[in-house]
Amino acid sequence: MKKTAAALLLCLGLTACSPIEDGAVPAGGDIETGSSSVSDTTASVTENMTESETTESITETTTENIIAETSAESVTTAEEVTAQTETSTESVISETSAETVIDTENRPESITLSTYEIQLTVGGKKMPIVTMLPADCPDKSEIWESDDTKVAKVDGYGNITGISEGSCTVTVTAAANKSVSASVKVTVTAPPQTHGEPTYIDGILIANKTYALPADYAPGVQPEAEAAFKEMQSAAWSEGLNIWIASGYRSYEYQSGLYERYVNRSGKAEADRYSARPGHSEHQTGLAFDLNSIDDSFADTAEGKWVAEHCHEYGFIIRYPKGAEDITGYIYEPWHIRYLGKETAEKVHNSGLTLEEYLGITSVYAE
């Protein structure tokens, strides 16, 4: 723009200062010609200026438009990014919320235990088996607690250890849902007699509710009892009968587990009628056998009747006869025989007495 204005001024200056020669052209014509030239020049310059200004104006306008469009695009892009970000964030939040709902819905709803009563001696250990439902809940973590750690303590896996004599309650809670729990009653007794001698009365080894065997007394099946049974079995077989040992020797530890299962099934008072506490079982002597079917119906079978009539001939007696529960401490067990030797078994059988009556002893737990 400045260069164009300078050129215009220069042209005007030159025109105004140029002399008019005499006689060349009438003054008026010269003036007209001069005016026309100036006008043309001016028009030309003006035209050039207009075009230049127009070009610059267009350029400026175009630039402004481009900037405006770019800004608009930038704004639009920013808005789109913001919108996309907000949408993504909402999606993540939505998905997270959904996952949270799923986890909440799949929390444990119930706990059951393999046993709700445990008998322990001091130093003994046992662990109830936990079943947590629903089976597909992702978190089945357990929290174990004892309400009296002086009696029994429990670790994070549910291993319960007897500490001292007494009773307490051990509770397991679902870590993912603390409103769900289950409890087991724990009774801890004094440690068993691990040394010493079993009790013999009139030469007969005794194991009943009054007299216990040491925990480490583990003879296995006594050879003389086994030999006597085989002789009796052979005699029965010769008469077309089949008798066999369904349950023979049991260790102190085995009897402990068996008795506990019966307590869990029937309760302690009822279990004591048909199962011996550990240390009090005749099966630990290695001299007692349970035959065929361990059920009252055995008494009515041909084998059951034959055993009841002839077992004393081979050194055995029906240890817990019918109607003598208040004496022997146990219900009628027609399948349970005890080896005493032929001479003693014959005497007891002929007396019509139970072994407790024959020896003048009791069969009652101290507690």
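Higher on the page you've got the structure.
1. Digging into helix α4 (residues 252–266)
Because an α-helix packs 3.6 residues into every turn, residues spaced three or four apart end up facing the same way.
Here is step 1 of the chain: Between the first and last C-alpha of α4 there are 21 Å, a value that for 15 residues agrees with the 21 Å anticipated at 1.5 Å per step.
Here is step 2 of the chain: Within α4, burial applies to Tyr252, Gln255, Ser256, Leu258, Tyr259, Glu260 and Val263.
Here is step 3 of the chain: On its buried face, α4 sits against β2 (117–121), β3 (125–126) and α5 (268–274).
Here is step 4 of the chain: Immediately beyond the C-terminal end of α4, within one or two residues, lies glycine 267, with a positive phi of roughly 95°.

2. Looking at the sheet that holds strand β13 (residues 288–291)
In a beta sheet, neighbouring strands are held together by backbone hydrogen bonds and run either parallel or antiparallel to one another.
Here is step 1 of the chain: Read across the sheet, 4 strands follow the order β12-β13-β15-β14 without closing on themselves; strand pairing throughout is antiparallel. Edge positions in the sheet fall to β12 (245–247) and β14 (316–320), since each of these pairs with one other strand and no more. Neighbour-to-neighbour, the strand axes of this sheet turn through a mean angle of 50°, independent of strand direction.

3. Description of unusual backbone geometry
Here is step 1 of the chain: Following leucine 133, the chain continues to proline 134 via a peptide bond in cis, the omega torsion being 5°.
Here is step 2 of the chain: Within the element layout of this structure, proline 134 appears in the loop between β4 (130–133) and β5 (142–146).
Here is step 3 of the chain: With a phi close to 55°, aspartate 202 is a non-glycine residue in the positive phi region.
Here is step 4 of the chain: Within the fold, aspartate 202 resides in the loop between β10 (199–201) and β11 (204–206).
Here is step 5 of the chain: Aspartate 202 gets classed as exposed once you look at its relative accessible area, which sits at 66%.
Here is step 6 of the chain: Of note in the backbone geometry, asparagine 292 takes a positive phi value of approximately 45° without being a glycine.
Here is step 7 of the chain: Overall, the relative accessible area of 11% leaves asparagine 292 in the buried class.

4. A look at the pairing of β14
Remember that side chains alternate between the two faces of the sheet whenever the strand is regular.
Here is step 1 of the chain: Taken across its 5 residues, β14 has 4 buried, putting it largely inside the fold.
Here is step 2 of the chain: Of the strand pairs in this sheet, β14 and strand β15 (residues 333–339) are connected by 4 bridges, and their pairing is antiparallel. If you follow isoleucine 317 over to β15, its bridge partner there is arginine 338.

5. Digging into a nonpolar patch on the surface
Here is step 1 of the chain: A cluster of nonpolar side chains, namely Met127, Ile129 and Tyr157, defines an oily patch on the protein surface of about 360 Å² accessible area.
Here is step 2 of the chain: Tracing the chain through its elements places tyrosine 157 in the loop between β6 (152–154) and β7 (160–162).
Here is step 3 of the chain: Owing to a relative accessible area of 66%, tyrosine 157 belongs among the exposed residues under this scheme.

6. Some words on helix α3 (residues 223–238)
Here is step 1 of the chain: Here α3 spans 23 Å end to end across 16 residues, near enough to the 22 Å set by a 1.5 Å rise per residue.
Here is step 2 of the chain: Listed as buried for α3 are Ala225, Ala228, Phe229, Met232, Ala235 and Ala236. One side of α3 carries all its buried residues, which in axial view fall inside an arc of 125°. Turned more than 90 degrees from where α3 packs its buried face, Pro223, Lys230, Trp237 and Ser238 sit exposed.
Here is step 3 of the chain: Taken from the residues just after α3, glycine 240 is the one with a positive phi, measuring 80°.

7. With respect to the sheet that holds β7
Here is step 1 of the chain: In spatial order, the strands read β3-β7-β6; together these 3 strands make up an open sheet with antiparallel pairing. Because the sheet does not close on itself, it has two edges, and the strands there are β3 and β6.
Here is step 2 of the chain: Bridge count between β6 and β7: 3 bridges; the pairing is antiparallel. Each residue of the ladder has a partner; that of valine 154, found in β7, is isoleucine 160.

Analysis parameters
- Residues numbered from 1 in each chain as written.
- Predicted model: local features only at pLDDT ≥ 70, side-chain atom pairs only at ≥ 80, totals over all residues.
- Heavy atoms only, no water.
- Helix = DSSP H or I, 4+ residues; strand = E, 2+ residues; numbered from the N terminus.
- Expected span 1.5 Å × (residues − 1).
- Buried < 20%, exposed > 50% of the residue type's maximum accessible area, 1.4 Å probe, protein only.
- Contact = heavy atoms within 4.5 Å.
- Pairing = 2+ DSSP bridges.
- Axes fitted to C-alpha atoms, helices over the stretch in contact; angles between N-to-C directions.
- Patch = residues over 30% accessible without salt bridge, like charges linked within 9 Å, V, L, I, M, F, W, Y side chains within 5 Å.
- Areas by Shrake-Rupley, 256 points an atom, 1.4 Å probe, with all protein chains shown as cover.
- Salt bridge = Lys/Arg side-chain N within 4 Å of Asp/Glu carboxyl O.
- Arc of directions from axis to C-beta.

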